[in-house]
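The lines below spell out each chain.
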Amino acid sequence: MSNIGSYEERCKDSNWSIAKRELSYKEGGRLNIGYYCSDRNCELGLGNKIALIWESFSGEVKKYTFQDLKIYSNSFAHLLKEKLGLKNGERIVIFMDKIPELYFSFLGILKMGGIVVPLFSAFGEESLLTRLQDCKASAVLTTRKLVPRIRKIKDKLPDLRHVVVMSEDEDIPVKEREMAFSFGQAPRIKSFECYPSTPETPSVLHYTSGTTGQPKGALHVHSSILSQYLTTKWVLDLRPDDIYWCTADPGWVTGTSYGIIGPWSLGITQVVLDGGFIPEKWYGLIQKHKITVWYSAPTAIRMLMKAGKEIVKKYDLSSLRHLCSVGEPLNPEAVIWSEEAYGLPFHDTWWQTETGCILISNYPGMEIKPGSMGKPFPGIKAAVLSHDFEPITKENKPGLLALRPPWPSMFRTYWNNPTGYESKFKNGWYITGDRSSIDEDGYFWFMGRDDDVINVAGHLVGPFEIESVLLEHQAVAESAAIGKPDPINMEVVKAFVALKPGFESSDELELEIMNFIRKKLSSIAMPQEIEFVDSLPKTRSGKIMRRVLRAQERGEPIGDISTLEND
Ligand code: 6R9
């Protein structure tokens, strides 16, 4: 049993003041995530402790202490504030692979009071443009490899004053509004006066996809650290001597809440692997760095299952103590398999970009029901609601998964979209967009999404974003994008396309359109299949009924189509 108390005990006395106390936060005082994750650990005597073990895909390893984290994040804070003149509240985008600079700059931006906007390094120009335009970013921090994508759209971004290009050497050729930055060559700033942020000062803006419109920026504030700290401690069960590995990329919320803020607010050593998925590489990483706690995602687990149990035996994985998963439904087979293969089950956790922290989970020590998301975090009230937003009290009856706000890491708004934000609340509940049921023991079971958002390997993709880019292709007259079930990735994107007169469907055209999306949006948003159709099912008001296409695709009943235009 762990040292964190049982779920039942915690439910009796849980409240966020425990996190405040443990972080020595005094009501009304300053609260800066950047300070807590680096300087405070040094003040607590952890300066020489390893904060980050970074490994490149080719196997190069670099280690950084909390003292390094403090100094390098200071260097970034200094650069942004003193050299570039950026002010608190400005949106500063990080567009990098998982290199050390990403982690240092994340803390540096928070230290100088900026709002961090992490963007996934696989994003193409259109994905970048919509997000950068929406948040009116003042600066982008990127690398030599990725800067060409920013250059392509720079002219459409009048608010973008600075593009900082990470480089080993500051002497590289740069273009207008650009500068090169090498944290190795930069002055070592021993102390930096952090921006006096309070709990409600904006911190991180994470873009996430919805059914309608372009991606929405969920705005978080500095007090999120209270939730991230306590959930990391109690659900991920991190202890001082742990070596922790979160496989998520900080372009997505798991990679910031639990790949930066959670572990470092606890002064924990974490491993980052900059590279894709290869089972040998992953097992080798666990063996080499003696990883103890591993936070991953169902798609990765399914891929490891596919690679088989034989390969597991070639590695010493005995350092592992606790495993958790997030992002998609964790199928019961995966829980059972991991118990057989690693001697430990994966503990499913549920949460969202908007919630900022884990809210439902298989708490350590609690009996795992394979296939269930577990129970609400101590102190969190969750329910399943009917379509008139009243709690369903009957056991095992599916409804809308809802939560009773507030908690510290709850998002505060959607950037530029207060109406979209307000529409997420009904009768005092936050409506998650997921469907769930609750069993006789209070365990929550995920039933699917209640909207059209597509979940590709744990990454949410908005159909509207794909459809908008499809329409930019010269051959496309109409389009619809849906999620098609996939044995490994949970879902992949399938697009239905009606062509303009004069264009003929062909395999070449299918490939051309797929690549068009990959380049403009990302490989995640790229349709794996395109079906050419004469027309698309629409409501009388002209809205495409993705629901009908999805039901057809899955061989499910189509439901009420009384509003269908072409019936
Ligand atoms: C953290 C994160 C959130 C959506 C969420 C749901 C799906 C996440 C899940 C899960 C089933 C789980 N999701 N965890 N579905 N079981 N344990 O993933 O945030 O990218 O915003 O996605 O992902 O549909 O609503 P985000």
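Keep in mind that this is a model prediction, so the values were computed, not measured.

Student: Sorry if this is basic, but what is going on with the side chain of Asn74 here?
Tutor: Assignment of secondary structure puts Asn74 in helix α5 (residues 66–83). Separated by 2.9 Å, the side chain of Asn74 and the backbone oxygen of Ile189 make a polar contact. When near neighbours in sequence (up to four residues on either side) are disregarded, Asn74 contacts Lys111, Ile189, Lys190, Ser191 and Phe192.

Student: Would you mind showing me how to read the site of the ligand here?
Tutor: Taken together, 19 residues lie around the ligand, and Asp348, Thr349, Gln352, Thr353 and Asp434 are the ones closest in. Thr349 has a polar backbone atom sitting 2.7 Å from a nitrogen atom of the ligand. Thr353 places a side-chain nitrogen or oxygen 2.6 Å from an oxygen atom of the ligand. Look at the ligand: alone it shows 540 Å² of surface, and the protein chains cover 97% of it. Of all the secondary structure elements, the ones that give two or more residues to the shell around the ligand are α10 (253–265), β14 (346–350) and β22 (444–449). When residues in the shell around the ligand are grouped by element, the largest group, three residues, is from β14.

Student: Teacher, can you tell me more about the packing of aromatic side chains here?
Tutor: Aromatic rings in a pair are described by how distant their centres are and how their planes are angled relative to each other. The final tally for this structure, using the stated rule, is 31 aromatic pairs. Taking 5.2 Å as the distance between ring centres and 55° as the angle between the ring planes, the aromatic pair formed by Phe120 and Trp252 counts as tilted. Here the residue Phe120 occupies a position in the loop between β4 (115–118) and α7 (125–135), and Trp252 occupies one in the loop between β10 (243–246) and α10, the gap between them amounting to 132 residues. On the basis of relative accessibility, which here comes to 18%, the residue Trp252 falls in the buried class.

Student: When you look at the domain arrangement of the protein chain in this model, what are you seeing that I'm missing?
Tutor: How big an interface is tends to be stated in terms of accessible area lost as the parts join. We note that the domain assignment places domain 1 (53–222) and domain 2 (452–554) within the protein chain. Contacts between domain 1 and domain 2 engage 18 residues on the former and 17 residues on the latter. Area buried by domain 1 at its contact with domain 2 is led by Glu126, Ser209 and Thr211, which between them contribute 40% of it. Where domain 1 meets domain 2, there are two salt bridges. In this structure, Lys520 engages Glu126 in a salt bridge whose closest nitrogen and oxygen atoms are separated by 3.8 Å. Run the count over domain 1 and domain 2 and you get seven residue pairs in polar contact (both at pLDDT 80 or more). Among the elements that take part in the side of domain 1 that touches domain 2, α7 stands out by supplying five residues, more than any other.

Student: Can you walk me through the packing of helix α9 (residues 224–234) against α10 in this structure?
Tutor: Packed helices, taken two at a time, are described by their axes: the angle between them and the distance between them. Following both chains from N to C, one finds α9 and α10 inclined at 80°, their axes separated by 8 Å at the closest point. Classed by the angle they form, the pair α9 and α10 counts as roughly perpendicular. Residue-level inspection shows Ile225, Gln228, Tyr229, Thr231 and Thr232 of α9 in contact with α10, the latter providing Ser257, Tyr258, Ile261, Gly262, Pro263 and Ser265.

Student: Help me understand the environment of Lys369 in this model?
Tutor: Its location among the elements puts Lys369 in the loop between β15 (360–361) and β16 (375–376). In this structure, the C-alpha to C-alpha distance between Lys369 and Tyr443, residues 74 residues apart in sequence, is 8.1 Å. In this structure Lys369 touches Asn362, Asp439, Glu440, Asp441, Tyr443 and Trp445, once residues within four positions along its chain are discounted. Polar contacts involving the side chain of Lys369 include one to the side chain of Asp441, which spans 2.6 Å.

Student: What is the right way to read the sheet that holds β16 from this model?
Tutor: Hydrogen bonds along the backbone pair up the strands of a sheet, which may run parallel or antiparallel. With mixed pairing, nine strands are arranged side by side in an open sheet as β2-β1-β11-β10-β12-β13-β14-β15-β16. At either end of the open sheet lies a strand with only one pairing partner, and these are β2 (61–65) and β16. Strands in contact with α10 are β1 (50–56), β10, β11 (269–274) and β12 (293–296); relative to β10, the strand with the most contacts, it is inclined by about 165°. Sheet strands touched by helix α11 (residues 279–289): β1, β2, β10, β11 and β12. Its angle to β1, the strand with the most contacts, is close to 145°.

Student: Looking at this structure, I do not really get helix α12 (residues 298–307). What am I missing?
Tutor: Structurally, the α-helix is built with 3.6 residues per turn, so residues lying three or four positions apart point the same way. Buried residues of α12: Pro298, Thr299, Ala300, Ile301, Arg302 and Leu304, and no others. In this structure, the buried residues of α12 make contact with α11, β12, β13 (322–325), α14 (332–342), β14 and β26 (490–499). Phi for Gly308, located one or two positions after α12, is positive at around 95°.

Student: Could you clarify how one ought to interpret unusual backbone geometry in this entry?
Tutor: Leave glycine aside and you will find that most residues have negative phi; peptide bonds, for their part, are mostly trans. With omega at 0°, the peptide bond leading from Pro405 into Pro406 counts as cis. Tracing the backbone through its elements, the reader meets Pro406 in the loop between β18 (399–403) and β19 (413–414). Of note, the phi angle at Lys136 is positive, near 50°, even though the residue is not glycine. Inspection of the secondary structure assignment puts Lys136 in the loop between α7 and β5 (139–143). Backbone geometry places Asp237, a non-glycine residue, at a positive phi of 60°. By the element assignment, Asp237 lies in the loop between α9 and β10.

Student: Whenever I open this one, the pattern of salt bridges confuses me. Can you help?
Tutor: Pairing between side chains of opposite charge can happen when their charged atoms approach one another. The final tally for this structure, using the stated rule, is 38 salt bridges. The salt bridge partner of Glu200 is Arg412, with a shortest N-O separation of 2.9 Å. Of the two residues, Glu200 sits in the loop between β7 (178–181) and β8 (202–208) while Arg412 sits in the loop between β18 and β19, which places them 212 residues apart along the sequence. Judged by its relative accessible area of 46%, Glu200 is partly exposed. Three or more residues are tied together by salt bridges with common partners; here these are Lys484, Lys494, Glu529, Glu531 and Glu553.

Student: Explain the pairing of β14 to me, please; I cannot follow it from the model alone.
Tutor: A regular strand places its side chains so that they alternate between the two faces of the sheet. Where burial is concerned, most of β14 is hidden: five out of the five residues are buried. Side chains Phe346, Asp348 and Trp350 project from β14 onto one buried face, and the interleaved His347 and Thr349 project onto a second face that is buried too. Tracing the backbone out of β13, into α14 and back to the parallel element β14 gives a crossover that is right-handed.

Student: Looking at this structure, how should I read the environment of Phe66?
Tutor: For Phe66, the location among the structural elements is in helix α5. Sequence-distant contacts of Phe66, defined by excluding residues within four places in its chain, comprise Cys37, Asn41, Cys42, Leu46, Gly47, Lys49, Ile50, Ala51, Trp264, Gly267 and Ile268.

Student: Where do I start with the packing of α11 against α12 in this structure?
Tutor: Where α11 meets α12, the closest approach of the two axes is 10 Å, and the angle between their N-to-C directions is 105°. Relative to α12, the element α11 is oriented roughly perpendicular. Together, Pro279, Trp282 and Tyr283 of α11 and Ala300, Leu304 and Ala307 of α12 make up the contact between the two elements. Looking at side-chain class alone, the contact of α11 with α12 contains six nonpolar, no polar and no charged residues.

Student: For this particular structure, what's the right way to read the pairing of β10?
Tutor: Burial along β10 is two-sided: Ile243 and Trp245 and Tyr244 and Cys246, pointing in opposite directions, are all buried. Relative to β11, β10 runs parallel, the two sharing three bridges. Looking across to β11, one finds that Tyr244 is bridged to Gln270. As a crossover connection, the stretch from β10 through α10 into β11 is right-handed.

Definitions and cut-offs
Residues numbered from 1 in each chain as written. Predicted model: local features only at pLDDT ≥ 70, side-chain atom pairs only at ≥ 80, totals over all residues. Heavy atoms only, no water. Helix = DSSP H or I, 4+ residues; strand = E, 2+ residues; numbered from the N terminus. Polar contact = N/O pair within 3.5 Å; in protein donor to acceptor, adjacent residues only side chain to side chain. Contact = heavy atoms within 4.5 Å. Near = heavy atom within 4 Å. Areas by Shrake-Rupley, 256 points an atom, 1.4 Å probe, with all protein chains shown as cover. Phe/Tyr/Trp six-rings, centres within 6.5 Å; stacked < 30°, edge-to-face > 60°. Buried < 20%, exposed > 50% of the residue type's maximum accessible area, 1.4 Å probe, protein only. Domains from an automatic or database assignment. Buried area = accessible area lost by both parts, 1.4 Å probe. Salt bridge = Lys/Arg side-chain N within 4 Å of Asp/Glu carboxyl O. Axes fitted to C-alpha atoms, helices over the stretch in contact; angles between N-to-C directions. Parallel < 35°, antiparallel > 145°, perpendicular 65-115°, else oblique. Pairing = 2+ DSSP bridges. Right-handed = clockwise from strand over helix to strand, strands pointing away. Nonpolar A, V, L, I, M, F, W, Y, C, P; charged D, E, K, R; others polar.

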